[in-house]
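Chain and residue survey
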Amino acid sequence: MEKNNQEEKSRLEKQIAFLTEVDKEKNIFRQTYLADGKRKENDAEHSWHLALAAVLLKEHMKEDADLGRVMTMVLIHDLVEIDAGDTYAYDTEGAATKREREVKAADRIFGILPEDQGTYLRELWDEFEAYETAEAKYAHLLDNFQPLMLNDASDGKSWEEHGVHKSQVCRRNARIPETSEIVWEKMLEIMDKHIEKGHLQAD
């Protein structure tokens, strides 16, 4: 009984250590502005927004996906940025070292947890990165649609600041149609609207 109690305490301490460590995600700011355009969102806000979107947009996906897995996936997908930092979607220089930095970070951060939980979350993160399962495809769609939606709401502020071209956005989102045609159509509609407004560069 004593041993079990000690094991339970040990697990709790590791879980608390992990939850304390990932609080740092609240201080990682992205290049995407909030809908009101007043400031940039942080990673924790981004992940919360994706989890809520996962509940609401599931009906538009071509493949059925396990919602619990998708929600967990989007809640943890950016935790590696605590160590690796945020790489802006259109930063080609940063993208060159992104994978190496993030794998190293995943080893450390998920390694804080009890082994079974750390393994489970690490496998979900790897699944997200592989972009092969219905859950990973849905999570990626959410991860890509949300900043575009906020760019629309904030009048293309981030696109304009970085001189982003439509071809860059389309390249980044090239696989969205295989997951949801209607979401892809909406994304194209948003892009074309902001080309007309001069916030997104035409090619």
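The structure under discussion appears in the preceding block.
A brief structural summary. Predicted model only: the values in this text are computed from it and were never measured. (Residues numbered from 1 in each chain as written. Predicted model: local features only at pLDDT ≥ 70, side-chain atom pairs only at ≥ 80, totals over all residues. Heavy atoms only, no water.)

**Here we look at the layout of surface pockets**
Considered as a void within the structure, the second largest pocket measures approximately 250 Å³ in volume. If you trace the second largest pocket, you find 15 residues lining it, with Phe-18, Leu-19, Val-22, Ile-76 and Leu-79 closest to the centre. Broken down by secondary-structure element, the contributors of at least two residues to the lining of the second largest pocket are helix H1 (2–21), helix H3 (67–76) and helix H6 (115–130). Across the lining of the second largest pocket, the residue classes tally to 10 nonpolar, two polar and three charged. (1 Å grid on protein atoms, 1.4 Å probe; cavity = no way out; pocket = protein on both sides within 12 Å on 5 of 7 lines; lining within 4 Å. Points joined across faces, edges and corners; volume = space filled by probe spheres on them. Helix = DSSP H or I, 4+ residues; strand = E, 2+ residues; numbered from the N terminus. Nonpolar A, V, L, I, M, F, W, Y, C, P; charged D, E, K, R; others polar.)

**What to know about the packing of aromatic side chains**
If you walk through the whole model with that rule in mind, you get one aromatic pair. Sitting over the ring of Tyr-33, Lys-157 keeps its end group 4.5 Å from the ring centre. One Lys or Arg, Arg-175, reaches over the ring of Tyr-131 and ends 4.0 Å from the middle of that ring. (Phe/Tyr/Trp six-rings, centres within 6.5 Å; stacked < 30°, edge-to-face > 60°. Lys NZ or Arg CZ within 6 Å of the ring centre and 35° of its normal.)

**Overview of the pattern of salt bridges**
Under the definition given, this model contains 21 salt bridges. A salt bridge links Lys-26 to Asp-23, with the shortest nitrogen-to-oxygen separation between them at 2.7 Å. The salt bridge involving Arg-122 is made with Asp-126; its shortest N-O contact spans 3.2 Å. A residue pair is termed a helical-turn pair when its members lie 3 or 4 positions apart in one helix, as Arg-122 and Asp-126 do in helix H6 at four residues. On the basis of relative accessible area, Arg-122 is assigned to the buried category, the value being 18%. Overlapping salt bridges bring together Glu-21, Lys-24, Asp-83 and Arg-108 as one network. (Salt bridge = Lys/Arg side-chain N within 4 Å of Asp/Glu carboxyl O. Buried < 20%, exposed > 50% of the residue type's maximum accessible area, 1.4 Å probe, protein only.)

**What to know about H6**
Over its 16 residues, H6 extends 22 Å from the first C-alpha to the last, a length consistent with the 22 Å expected when each residue adds 1.5 Å. Among all positions of H6, only Gly-118, Leu-121, Arg-122, Leu-124, Trp-125, Glu-127 and Phe-128 are buried. Looking one or two residues beyond H6, the residue adopting positive phi is Tyr-131, at roughly 60 degrees. (Expected span 1.5 Å × (residues − 1).)

**What to know about the packing of H3 against H6**
In contact at an axis separation of 9 Å, H3 and H6 are set at 90 degrees when each is read in the N-to-C sense. Taken together, H3 and H6 sit at an angle that is classed as roughly perpendicular. Contacts from Arg-69, Thr-72, Met-73 and Ile-76 in H3 reach Tyr-120, Leu-121, Leu-124, Trp-125, Glu-127 and Phe-128 in H6. Broken down by class, the residue content of the contact of H3 with H6 amounts to seven nonpolar, one polar and two charged. (Axes fitted to C-alpha atoms, helices over the stretch in contact; angles between N-to-C directions. Parallel < 35°, antiparallel > 145°, perpendicular 65-115°, else oblique. Contact = heavy atoms within 4.5 Å.)

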